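Fold and geometry: a report
The chain contents come next:
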Amino acid sequence: RDVTWGRATWDLPLRDGRRVAMSVSGTTYLNDENFVVFVSASKFYAVWWALREFDRRGICEFEQMPNNRKYGCQDEIWARSNERPVPLADVSYHDGYGIGFIDGITRTLWLLYNGASSFPVKVHGAKAAHAMHSAIGDDRFDPVTVESLMLMEDPTRQHTCEILS
């Protein structure tokens with residue numbers, strides 16, 4: 001994780017050895033209510049897939065992801081992510097319903113298909129962030145507010161991606 005100019009950036013490894021960058025930016029409001037939660041890719045997909053009977057927006061069988069209309073030209077976008085980090089997906093989570101997307105289905109499809117084992121998402125509200133972390137989070141990272149990320153000066157703190165490499 002690197003924090004510069006009101007933006008926290010993570011460097012994520014993919015299955016084939018490539019690395020991509022994602023980021024979240026601070027805004028003028030709600031930084032104390034928006035959380036970054038690292039999720040386990042396999043758990044995230046399983047919960048998302050379980051919703052397919054109720055809400056089919058964006059979800060597809062794993063093998064069909066590159067053919068999904070939402071997949072688009074993501075390879076080109078992610079290839080430039082070191083210069084222009086890709087924003088985190090903005091998701092919701094509820095124990096009884098699961099995952100909902102506000103923004104970022106395509107980014108998530110791409111990360112899943114390309115073998116990110118864990119990745120960060122943005123979640124509004126402490127209750128949702130902690131419930132998501134308990135159910136499908138990467139245990140190496142605790143949920144953290146965007147506000148606290150913007151205030152961090154020590155790049156060696158827990159919320160780095162060094163252990164993901």
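Computed from a predicted model, the values in this text were never measured in an experiment. (Residues numbered from 1 in each chain as written. Predicted model: local features only at pLDDT ≥ 70, side-chain atom pairs only at ≥ 80, totals over all residues. Heavy atoms only, no water.)

Along the chain, the regular secondary structure elements total 5 helices and 9 strands. Traced from its N-terminal end to its C-terminal end, the chain shows the element sequence β-β-β-β-α-α-β-β-β-α-β-α-β-α. Per-residue burial for the chain yields a buried fraction of 50% across its 165 residues. Taking the intrachain contacts of the chain between residues at least 6 apart in sequence as the baseline, contacts between residues at least 24 apart amount to 68%. Here the chain displays about 8,700 Å² of accessible surface, and carbon together with sulfur accounts for 49% of that area. (Helix = DSSP H or I, 4+ residues; strand = E, 2+ residues; numbered from the N terminus. Buried < 20%, exposed > 50% of the residue type's maximum accessible area, 1.4 Å probe, protein only. Contact = heavy atoms within 4.5 Å. Areas by Shrake-Rupley, 256 points an atom, 1.4 Å probe, with all protein chains shown as cover.)

If you check which residues of helix α1 (residues 41–50) are buried, you get Ala41, Phe44, Tyr45 and Trp48. Mapping the buried residues of α1 onto a view down its axis gives an arc of 95°, with all of them on the same face. Residues of α1 that are buried make contact with β4 (34–40), β7 (98–103), α3 (105–113), β8 (118–124) and α4 (126–136). (Arc of directions from axis to C-beta.)

On to the pairing of strand β3 (residues 19–25), then. For β3, a buried count of 5 out of 7 residues is recorded, marking the element as mostly surrounded by other parts of the structure. Pairing between strand β2 (residues 7–13) and β3: 7 bridges, direction antiparallel. Note that in β3 the partner of alanine 8 across the bridge is valine 24. Hairpin connection between β2 and β3: a loop of 5 residues separates the two successive antiparallel strands, and glycine 17 in this loop has a positive phi of roughly 95°. Across 2 bridges, β3 lies against strand β5 (residues 86–87) in parallel orientation. Across the sheet, residue serine 23 finds its bridge partner in β5, namely proline 87. (Pairing = 2+ DSSP bridges.)

Here the chain shows a mean pLDDT of 83. Residues at 70 or above account for 81%. Ignoring residues within four places in sequence, the model shows residues 154–165, a span with pLDDT below 50, making 34 contacts including any to other chains. (pLDDT = per-residue confidence, 0-100.)

What follows is about the nonpolar core. With 45 residues, the main nonpolar core has Trp48, Ile99, Leu111, Phe119 and Met132 as its most contacted residues. Residues contacting leucine 111, with those up to four places away along its chain left out, are Leu12, Leu14, Val20, Met22, Trp78, Ala116 and Phe119. (Core = buried A, V, L, I, M, F, W, Y, C linked by side-chain atoms within 4.5 Å.)

As a further point, take α4. Among the residues making up α4, those that are buried are Ala128, Ala129, Ala131, Met132, His133 and Ile136. Here the buried face of α4 lies against β4, α1, β6 (89–94), β7 and β8.

Within the structure shown, the criterion is met by 7 aromatic pairs. Each ring, one from phenylalanine 44 and one from phenylalanine 119, has its centre 5.5 Å from the other, and the planes form 65°; the classification is edge-to-face. Linking phenylalanine 44 in helix α1 with phenylalanine 119 in strand β8, this pair joins segments that are 75 residues apart in sequence. Across the pair, phenylalanine 119 and phenylalanine 44 agree in class, each one buried. Grouping aromatic residues by their ring pairs yields a cluster made of Phe44, Trp48, Phe101 and Phe119. (Phe/Tyr/Trp six-rings, centres within 6.5 Å; stacked < 30°, edge-to-face > 60°.)

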